[in-house]
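Structural description and commentary
Each chain, letter by letter, is given below.
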Amino acid sequence: MEFGLSIFPTEDVHGPAELARAAEERGFESLLFPEHTHIPASRATPYPAGGELPPEYWHTLDPFVACTSAATATTRLKIGTGICLVVERDPIITAKEVASVDSVSGGRFLFGVGAGWNAEEMANHGTDPGKRFGLMRERIEAIKEIWSSDQASYSGRYVQFERIWCWPKPVQKPHPPIVVGGNGAGVIDRVLAYGDEWMPNRIGDDDGMIARFEQLARAAADAGRGPIPITLPSMPRDPARIERFERAGVHRAVFWLPASSRDEVEAALDRYTAAAEAYRRAGS
């Protein structure tokens, strides 16, 4: 089991470089940053977790800026998006941003992707929420085409371009891992269509989550694919639960750090470091 961290990198918490150095020094494998370009003040779309939406959702840094800062401050730590809202981004620019961060990091980028949940946020970017999954698929397919071709073309319902030159290409071959986020009914189909890994939110009880993991394993086998790795955010610290998730196919456990004061972040780092070290010791 690999252990990673995730945080909303706001102006009020550790800078991405400082946090990345702390993560690498403590033996974590990865550091992920989420994305929201903005949050509409109307708040018409309810927060999926319930209650009031935390303010870090509209204070977070751009994830590619945060990833670049983290990458240049470390040598081994994997950095990535957890997740990048590709339905709110131009695919040509996103292809260049991912390849650029993969280049400056020496091939350490994890490309977590998703379609998002905030309908007004998408609409402000010109995206019809009802068509976001089709749009996401085409944008990711187009990005992969840009990465893999010296002269790239793509013709879809939502994305079209013909014979473009776009460098750099990613260091990782054939490309950085595409980690598809989400828990919706169609997410397994999306993972199989264009993903390398799955990153579901940890929602509901452990039995329900593991049943979905088993569904993915069956679908992958039916499609002629090997086991598909799973990254699980908000991993509990209980070693028995971590072990159960690992047996079910989770290969990366991600602990969420609070977008809070320095003392609270440091305390959370201590707790999660202790949990990861205890699990490693138990398995050795």
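For every chain, the first residue of its written sequence is number 1, and the numbers climb from 1 along that sequence. Per-residue local features of the predicted model are confined to residues with pLDDT of at least 70, and side-chain atom pairs are confined, for both listing and counting, to 80 or more; whole-chain, interface and lining totals are unaffected and use all residues. No hydrogens and no water enter the side-chain calculation; it runs on all heavy atoms of the structure.

This part takes up the side chain of Glu35. By definition, any uninterrupted DSSP run of H or I lasting at least four residues is a helix, any uninterrupted run of E lasting at least two residues is a strand, and each is numbered from the N terminus. Summarising the element assignment, Glu35 is placed in the loop between β2 (30–33) and α2 (63–72). A distance of 2.7 Å separates a polar side-chain atom of Glu35 from the backbone nitrogen of Leu85. By the convention used here, residues are in contact when the closest approach between their heavy atoms is within 4.5 Å. Apart from residues no more than four positions distant in its own chain, Glu35 is found in contact with Pro63, Ile83, Cys84, Leu85 and Arg89. Polar contacts here mean pairs of N or O atoms no more than 3.5 Å apart (in protein, one a potential hydrogen donor and the other a potential acceptor; neighbouring residues in sequence count only if both atoms are side-chain atoms).

For our purposes a nonpolar core is just a set of buried Ala, Val, Leu, Ile, Met, Phe, Trp, Tyr and Cys residues, chained together by side-chain atoms within 4.5 Å. We call a residue buried when its accessible area falls under 20% of the maximum for its residue type, exposed when it is over 50%, and partly exposed in between, using a 1.4 Å probe and counting protein chains only. Among the nonpolar cores identified, the biggest contains 73 residues, and Leu5, Leu31, Ile79, Phe111 and Phe213 are the most heavily contacted of them. Among all residues touching Leu31, those that are not within four sequence positions of it are Leu5, Ser6, Pro16, Leu19, Ala20, Ala70, Leu77, Lys78, Ile79 and Gly80. Grouped together as the second largest cluster of nonpolar side chains are seven residues, Leu32, Leu85, Leu110 and Val254 included.

It is worth spelling out the packing of aromatic side chains at this point. Centre distance within 6.5 Å is the pairing criterion for rings of Phe, Tyr and Trp, where only the six-membered ring of Trp is used; planes under 30 degrees apart are then read as stacked, over 60 as edge-to-face, and the remainder as tilted. The full count for this structure, using the stated rule, is 14 aromatic pairs. Each ring, one from Phe8 and one from Tyr57, has its centre 4.6 Å from the other, and the planes form 40°; the classification is tilted. In this pair, Phe8 is assigned in the loop between β1 (2–6) and α1 (16–25) and Tyr57 in the loop between β2 and α2, connecting sequence segments 49 residues apart. One aromatic cluster is present, built from ring pairs that chain together Phe8, Tyr47, Tyr57, Trp117 and Trp256. We call a charge positioned over a ring when the NZ of a Lys or the CZ of an Arg lies within 6 Å of the ring centre and within 35 degrees of the ring normal. Just above the ring of Trp167 sits the side chain of Lys169; from NZ or CZ to the centre is 4.4 Å. Above the plane of the ring of Phe133 lies Arg190, whose end atom (NZ or CZ) is 3.9 Å from the centre.

Bringing the pattern of salt bridges into the picture now. By definition, a salt bridge exists where a carboxyl oxygen of Asp or Glu is found within 4 Å of a side-chain nitrogen of Lys or Arg. Per the stated rule, a full pass over the model turns up 13 salt bridges. Glu266 serves as the salt-bridge partner of Arg26, at 3.8 Å between the closest nitrogen and oxygen. Here the residue Arg26 occupies a position in the loop between α1 and β2, and Glu266 occupies one in helix α9 (residues 262–283), the gap between them amounting to 240 residues. Given a relative accessible area of 24%, Arg26 falls into the partly exposed group. Through salt bridges with shared partners, one network takes in Glu29, Lys78, Glu197 and Arg252.

Let's shift gears to the pairing of strand β4 (residues 109–114). Most of β4 is tucked away, with six of its six residues classed as buried. Burial along β4 is two-sided: Phe109, Phe111 and Val113 facing one way and Leu110, Gly112 and Gly114 facing the other are all buried. DSSP calls a pair of strands paired once it identifies at least 2 bridges connecting them. Here five bridges tie strand β3 (residues 78–85) to β4, and the two strands are oriented parallel to one another. The partner of Thr81 across the bridge, within β4, is Phe111. Strand direction decides the pairing type here: β4 and strand β7 (residues 178–181), joined by three bridges, are parallel. Within β7, the residue paired with Val113 across the bridge is Val180.

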